[in-house]
Amino acid sequence: GWCGFLVTGECRPWSGFTAQVNASLKKPIAVGSVLRIRASITKWEGRKVYIAAELAEPSGTDDEKDLVIHAIGEGLVILQRGVLSEKEEEKKS
C-alpha cells in the first residue's frame with residue numbers, strides 16, 4: 001500500500017486504501033532471516049495504482065539471478081478523491 005501512496009512523487013500516508021492483494025508463497029523463511037522487499041508501480045490509471053512486489057533473501061552478490069525469492073505479490077491501491085490534482089487525474093485517466 002505504501003508504494004501506492006508515493007505515486008504523486010511525495011509520501012502521503014493514508015491517502016488511499018488497499019483494494020486487492022494477491023500473494024504467492026515460494027519458499028519457507030527461517031526465523032531471524034534478513035530479507036529485502038522490492039516493490040514497484042506497474043500501472044497507474046486515474047485513482048487506481050497497480051503494484052508488484054517481491055520478498056527476497058539477498059545473495060551477497062550484485063547478480064539478480066542469485067536472489068532467493070520467498071514470495072511475490074500484486075496489489076491494487078485506490079487513492080482517495082482529492083489526493084491527485086485535477087491535472088494529474090486528467091492525465092492518468
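Check the entry above for the structure.
Let me begin by describing the structure that accompanies this report. Computed from a prediction, not measured in an experiment: that's the story for all the values here.

Remarks on the environment of Ile29
Line of reasoning, step 1. Relative to the assigned elements, Ile29 resides in the loop between β1 (16-25) and β2 (36-45).
Line of reasoning, step 2. Sequence separation between Ile29 and Ala71 is 42 residues, and the spatial gap between their C-alpha atoms is 9.6 Å.
Line of reasoning, step 3. Excluding residues within four positions of it along the chain, Ile29 makes contact with Leu35, Leu55 and His70.

Here we look at the layout of surface pockets
Line of reasoning, step 1. Each pocket or cavity is described by its volume, and for the largest pocket that value is around 270 Å³.
Line of reasoning, step 2. Lining the largest pocket we find 20 residues, and of these Val21, Ala53, Gly73, Glu74 and Gly75 sit closest to its centre.
Line of reasoning, step 3. Looking at the lining of the largest pocket, the elements that each hand over two or more residues are α1 (2-5), β1, β3 (48-57) and β4 (68-79).
Line of reasoning, step 4. The greatest single-element share of the lining of the largest pocket, amounting to seven residues, is contributed by β4.
Line of reasoning, step 5. When grouped by side-chain class, the residues that make up the lining of the largest pocket number twelve nonpolar, six polar and two charged.

Notes on the side chain of Ser15
Line of reasoning, step 1. Tracing the chain through its elements places Ser15 in the loop between α1 and β1.
Line of reasoning, step 2. Setting aside chain neighbours within four positions, we find Ser15 in contact with Phe5, Leu79, Gln80 and Val83.

Some details on the packing of aromatic side chains
Line of reasoning, step 1. On inspection of all chains with the given rule, the structure shows zero aromatic pairs.
Line of reasoning, step 2. The ring of Tyr50 carries the charged tip of Lys43 above its face, separated from the ring centre by 4.7 Å.

Regarding the pattern of salt bridges
Line of reasoning, step 1. Here the structure, examined in full by the defined rule, presents three salt bridges.
Line of reasoning, step 2. Two residues, Arg36 and Glu54, come together in a salt bridge whose shortest N-O distance is 3.8 Å. Placement of the pair is Arg36 in strand β2 and Glu54 in strand β3, with a sequence separation of 18 residues.
Line of reasoning, step 3. One salt bridge connects Lys43 with Glu45, and the closest N-O pair in it is separated by 3.6 Å.
Line of reasoning, step 4. By relative accessible area, Glu45 is classed as partly exposed at 37%.
Line of reasoning, step 5. One network of salt bridges, with partners in common, ties together Arg36, Arg38 and Glu54.

Digging into the sheet that holds β3
Line of reasoning, step 1. Spatially, β1-β4-β3-β2 is the arrangement adopted by the four strands of the open sheet, whose pairing is antiparallel. Two strands lie at the open edges of the sheet, namely β1 and β2, each paired on one side alone. Mean inter-strand twist for the sheet, computed between neighbouring axes without regard to direction, equals 20°.
Line of reasoning, step 2. Where β1 meets β4, nine bridges bridge the pair, whose relative direction is antiparallel. Along β4, the bridge assignment pairs Ser24 with Ile72.

Scoring rules and cut-offs
Residues numbered from 1 in each chain as written. Predicted model: local features only at pLDDT ≥ 70, side-chain atom pairs only at ≥ 80, totals over all residues. Heavy atoms only, no water. Helix = DSSP H or I, 4+ residues; strand = E, 2+ residues; numbered from the N terminus. Contact = heavy atoms within 4.5 Å. 1 Å grid on protein atoms, 1.4 Å probe; cavity = no way out; pocket = protein on both sides within 12 Å on 5 of 7 lines; lining within 4 Å. Points joined across faces, edges and corners; volume = space filled by probe spheres on them. Nonpolar A, V, L, I, M, F, W, Y, C, P; charged D, E, K, R; others polar. Phe/Tyr/Trp six-rings, centres within 6.5 Å; stacked < 30°, edge-to-face > 60°. Lys NZ or Arg CZ within 6 Å of the ring centre and 35° of its normal. Salt bridge = Lys/Arg side-chain N within 4 Å of Asp/Glu carboxyl O. Buried < 20%, exposed > 50% of the residue type's maximum accessible area, 1.4 Å probe, protein only. Pairing = 2+ DSSP bridges. Axes fitted to C-alpha atoms, helices over the stretch in contact; angles between N-to-C directions.

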